[in-house]
Amino acid sequence: MEFKEGQTYKSRISNKNYKIHIVAVVDDCMVVYKFYGKHKQWWHYAIKRADDLEFYIELAEARKDT
């Protein structure tokens, strides 16, 4: 999966699906993304390896119940 700045996905974070926004891709292997927390008060920023993030996106697709 090729990530680009500005794309959005559903990802599995802490046993819940969140909509994430891609902020930046670093060296084609690290992805910086942001998402709203539980109470939707502020953005949370995180960085993951691209292949790990792809796994959590696929997991969110498989578990659409939450």
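Structure first, text after, so check above.
Residues numbered from 1 in each chain as written. Predicted model: local features only at pLDDT ≥ 70, side-chain atom pairs only at ≥ 80, totals over all residues. Heavy atoms only, no water.

Engineer: Just checking my understanding: could you explain the pairing of strand S4 (residues 43–49) for this structure?
Structural biologist: For a regular strand, the rule is simple: side chains alternate between the two faces of the sheet. Taken together, the 7 bridges between strand S3 (residues 30–36) and S4 define a ladder with antiparallel strand orientation. If you follow Met30 over to S4, its bridge partner there is Arg49. (Pairing = 2+ DSSP bridges. Helix = DSSP H or I, 4+ residues; strand = E, 2+ residues; numbered from the N terminus.)

Engineer: Would you mind showing me how to read unusual backbone geometry here?
Structural biologist: Negative phi is the rule for most residues except glycine; trans is the rule for most peptide bonds. Look at Asn15: it is not a glycine, yet its phi comes out positive at around 60°. Relative to the assigned elements, Asn15 resides in the loop between strand S1 (8–13) and strand S2 (16–26). Here Asn15 falls in the exposed class, since its relative accessible area comes to 65%. Located in the positive-phi region is Asp27, a residue other than glycine, with phi close to 55°. Tracing the chain through its elements places Asp27 in the loop between S2 and S3. (Buried < 20%, exposed > 50% of the residue type's maximum accessible area, 1.4 Å probe, protein only.)

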